[in-house]
Amino acid sequence: MHTDVVVVGAGLGGVAAALAAARAGLRVVLAEETDWIGGQLTAQGVPSDEHPWIEQFGCTASYRQLRDGIRDYYRRWYPLTPEARARRALNPGNGKVSPLCAEPRVSLAVLEGMLAPSRADGRLDVRLRHRPVAATVDDDTVTSVTLHDLDGNRTLTVTAPYVLDATETGELLPLTGTEYITGFESQDDTGEPSAPRERQPLNMQAVSWCFAVDHRPGEDHTIDKPDQYGFWRDYQPPYWPDRMFSMVAPSPQTLEPAPRYFLPHDDDPARGADRDLWAFRRILARDNFAPGAFASDVVIVNWPMIDYLEGPLFEVDADEAAKHAVGARQMSRSFLYWMQTEMPTPDGGTGLRGLRLRGDVFGTTHGLAKAPYIRESRRIAAEYTIVEQDVSLALRGQQGAKAYPDSVGIGSYRIDLHPSTGGDNYIDVGSLPFQIPLGALLPVRTRNLLPAAKNIGTTHITNGCYRLHPVEWNVGESAGLLAAYCLTHKVTPHQVRADDIHLAAYQKALTEHGVELAWPTVYGY
């Protein structure tokens, strides 16, 4: 098959890239290993992590279309209370992690709707359950990508002038021989104050295999005891204040032990957002809907207790990767079993047997999300690498984050690094609202491969603030529009960055498409 652009991976970045390229008139093939598009928002079950100004500014127009579409879906199809329906910033789950916490299937429906016109026109060909297995390269140019159809047990080879890697782990980078980095760089590599003294390529942030639960008091929904339950029940990293299966975990900011609370249908604002686990990542709040419409809230479990630390899921051999994937699933199922049978309850008892695993939320028979939440990918060796010194609040203060003349978007989030496979606890660094430089989207050598997800030129440290939903979407959208610009003007991505006229024209195309390139300035900041 030949097309204009092939996008491999249909997470948020991949969907945004395919949408932008198709809306620009290109023919696009979008391939995805799972049977759902949407990545962390859908198949991985992670409600959107967003900055405080997201309702006013700080994202692309198409990302705002996604957010508005999710709210409109609930207003059209769900029995909302009059008060909830009238709320402009409707939060269906009333989750504390974000002003918009919604069910994965609703987000999936809206994403499918956004792609529907391009699919109907034939510009966009979506291939689900297709995994990249090979690529060909000629003179620093990727000439083809071969996809394995996981259902048909056959392969499809796609040729295209531009190839976008939007996979969760940067799968195309080793397949194409594109230079990349994994894990922790050293202080000598980057000069970052939070980096270790020596390079640690297999030291990566924990993955989490999320799942959804509701609570049915008086019923018994206890799952079968997982095979590895004894191991995980007693599991305690040396820096953890208690066993991980407890209601005490380090505060990410101070590393001091902090209590967590899990009390079904018992909200208390005084507990703090990330300590009230029932409300923290709740995706459906029954109080938003007509009385009796829902017997229970629905809550996503993505908490410190299921951060899998025993090893990474990539950059190791196949047997090792499979072992860690099984381990992550076993850890999550074991935590659910612990909550159902051993977790202390306020009445002095143990276990909430009415906790019900909601695999139907994801359409899975095993009960967990379709795919693990992977916080850290392979990252291209880029023309420009974003370092801690560019965004750190402590290092830059009132001058703001580093301004990039080649900005292709913006984002904001703390540098939020979860415990890692190399034995590190949380690393939490205050950061400033930042820009996304085009140089971070350009591999040092490969000419026509562009990152379109978490695989841009960040470090292990700055990945912590560039890995969230609106930034990943922005990266993918800008990459898709860059491919369109290059095909239209017969230039390469590297030439766009190197030429002031082309760079200005490309940035104009971005802003016309609704991509914000700079944060608003207030009182000189």
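Residues numbered from 1 in each chain as written. Predicted model: local features only at pLDDT ≥ 70, side-chain atom pairs only at ≥ 80, totals over all residues. Heavy atoms only, no water.

The name given to the protein chain in an unreviewed UniProt entry is FAD-dependent oxidoreductase, with the source organism recorded as Phytoactinopolyspora mesophila.

**Q** Kindly report on the pairing of strand β21 (residues 434-437), identifying the contributing residues and their values.
**A** Neither face of β21 is left uncovered, since the one carrying Phe-434 and Ile-436 and the one carrying Gln-435 and Pro-437 both have all their residues buried. Pairing of strand β18 (residues 407-411) with β21, which is carried by three bridges, proceeds in the antiparallel orientation. When the sheet's bridge partners are listed, Gly-411 is paired in β21 with Phe-434. (Buried < 20%, exposed > 50% of the residue type's maximum accessible area, 1.4 Å probe, protein only. Helix = DSSP H or I, 4+ residues; strand = E, 2+ residues; numbered from the N terminus. Pairing = 2+ DSSP bridges.)

**Q** I'd like a description of the nonpolar core, backed by residues and values.
**A** Counting 137 residues, the largest nonpolar core has Leu-66, Phe-211, Phe-262, Phe-335, Met-339, Tyr-466 and Trp-473 as its most contacted members. Considering every element that reaches this core, the biggest residue donor is helix α13 (residues 469-489), with ten residues. Split by domain, the residues of this core number at least three in each of domain 1 (5-47 + 102-185 + 375-513) and domain 2 (207-260 + 303-374). When residues no more than four places from it in sequence are discounted, the contact partners of Phe-262 are Met-247, Leu-277, Trp-278, Trp-303, Met-339, Met-343, Leu-352 and Leu-355. Within the second largest apolar cluster, 16 residues are counted, among which are Val-6, Val-8, Leu-172 and Leu-449. (Core = buried A, V, L, I, M, F, W, Y, C linked by side-chain atoms within 4.5 Å. Domains from an automatic or database assignment. Contact = heavy atoms within 4.5 Å.)

**Q** Describe in detail the pattern of salt bridges, supporting the description with residues and values.
**A** Per the counting criterion, the structure on display carries 41 salt bridges. Across the pair Asp-276 and Lys-96 runs a salt bridge, and its minimum N-O distance is 3.2 Å. Here Asp-276 is found in the loop between β12 (257-259) and α8 (277-280), whereas its partner Lys-96 is found in the loop between α3 (82-86) and α4 (104-121), with 180 residues between them in sequence. With a relative accessible area of 0%, Asp-276 lands in the buried category. By relative accessible area, which is 29% here, Lys-96 ends up partly exposed. Across the pair Glu-342 and Arg-233 runs a salt bridge, and its minimum N-O distance is 3.7 Å. Separated by 109 residues along the polypeptide, Glu-342 in the loop between α9 (318-341) and β16 (355-357) and Arg-233 in helix α7 (residues 229-233) bring together distant segments of the chain. The structure contains a network of salt bridges with shared partners spanning Glu-33, Arg-131, Glu-171, Glu-315 and Arg-378. (Salt bridge = Lys/Arg side-chain N within 4 Å of Asp/Glu carboxyl O.)

**Q** Pulling in residues and values, what's your account of helix α2 (residues 61-77)?
**A** Taking 1.5 Å per residue, 17 residues should reach 24 Å; α2 reaches 24 Å between its end C-alpha atoms and fits that length. Taken residue by residue, α2 has Ser-62, Tyr-63, Leu-66, Arg-67, Gly-69, Ile-70, Arg-71 and Tyr-74 as its buried positions. Along its buried surface, α2 packs onto α1 (12-23), α4, β13 (282-284) and α13. (Expected span 1.5 Å × (residues − 1).)

**Q** How would you summarise unusual backbone geometry if you had to cite specific residues and measurements?
**A** Leaving glycine out, the prevailing phi sign among residues is negative, and the prevailing peptide bond configuration is trans. Of note in this structure, Asp-140 is not a glycine but carries a positive phi near 65°. For Asp-140, a relative accessible area of 27% translates into the label partly exposed. Here the phi dihedral of Asn-153 falls at roughly 50°; this positive angle occurs in a residue that is not glycine. Along the chain, the position of Asn-153 falls in the loop between β5 (141-149) and β6 (154-158). Classification of Asn-153 as exposed rests on a relative accessible area of 65%.

**Q** So what about α9? Which residues, and what values?
**A** End to end, α9 covers 34 Å across 24 residues, agreeing with the expected 34 Å (1.5 Å per residue, within 8%). Where α9 begins, the side chain of Asp-317 points an oxygen toward the backbone nitrogen of Asp-319, at a separation of 3.1 Å. (Polar contact = N/O pair within 3.5 Å; in protein donor to acceptor, adjacent residues only side chain to side chain.)

**Q** Report on the packing of aromatic side chains, specifying residues and quantitative values.
**A** In the structure shown here, the tally under the stated rule is 24 aromatic pairs. Seen from their ring centres, Tyr-74 and Tyr-78 are 4.5 Å apart, and the 50° between their planes marks the pair as tilted. On the basis of relative accessible area, Tyr-78 is assigned to the buried category, the value being 17%. Members of the aromatic cluster, connected to one another through ring pairs, are Phe-245, Phe-262, Trp-278, Trp-303, Phe-335 and Trp-338. One Lys or Arg, Arg-271, reaches over the ring of Tyr-261 and ends 5.7 Å from the middle of that ring. Cation over ring: Lys-370 sits above Trp-36, and NZ or CZ is 4.9 Å from the ring centre. (Phe/Tyr/Trp six-rings, centres within 6.5 Å; stacked < 30°, edge-to-face > 60°. Lys NZ or Arg CZ within 6 Å of the ring centre and 35° of its normal.)

**Q** Mind laying out the sheet that holds β13, listing which residues take part and the relevant values?
**A** Pairing within the open sheet is antiparallel, and its four strands lie in the order β13-β14-β10-β16. Only two strands of the sheet have a single neighbouring strand rather than two, namely β13 and β16. Adjacent strand axes in the sheet meet at a mean angle of 35°, parallel and antiparallel pairs treated alike. By the bridge criterion, three bridges tie strand β10 (residues 211-215) to strand β14 (residues 298-301) in an arrangement that is antiparallel. (Axes fitted to C-alpha atoms, helices over the stretch in contact; angles between N-to-C directions.)

**Q** Residue-level account of the packing of α2 against α13, with values.
**A** For the pair α2 and α13, the least separation of the axes is 9 Å and the interaxial angle reads 130°. In terms of their interaxial angle, α2 and α13 are classed as oblique. The way α2 lies across α13 gives a crossing that is right-handed. Contacts between α2 and α13 involve Ser-62, Tyr-63 and Leu-66 from the first element and His-469, Pro-470, Trp-473 and Glu-477 from the second. Within the contact of α2 with α13, the residues separate by chemical class into four nonpolar, two polar and one charged. (Parallel < 35°, antiparallel > 145°, perpendicular 65-115°, else oblique. Left-handed = near helix turned anticlockwise from the far one by under 90°. Nonpolar A, V, L, I, M, F, W, Y, C, P; charged D, E, K, R; others polar.)

**Q** Please set out the side chain of Ser-118 residue by residue, giving values where relevant.
**A** Structurally, Ser-118 can be placed in helix α4. Every residue in contact with Ser-118, bar those within four places of it in the chain, is listed here: Ala-22, Arg-23, Arg-123 and Leu-124.

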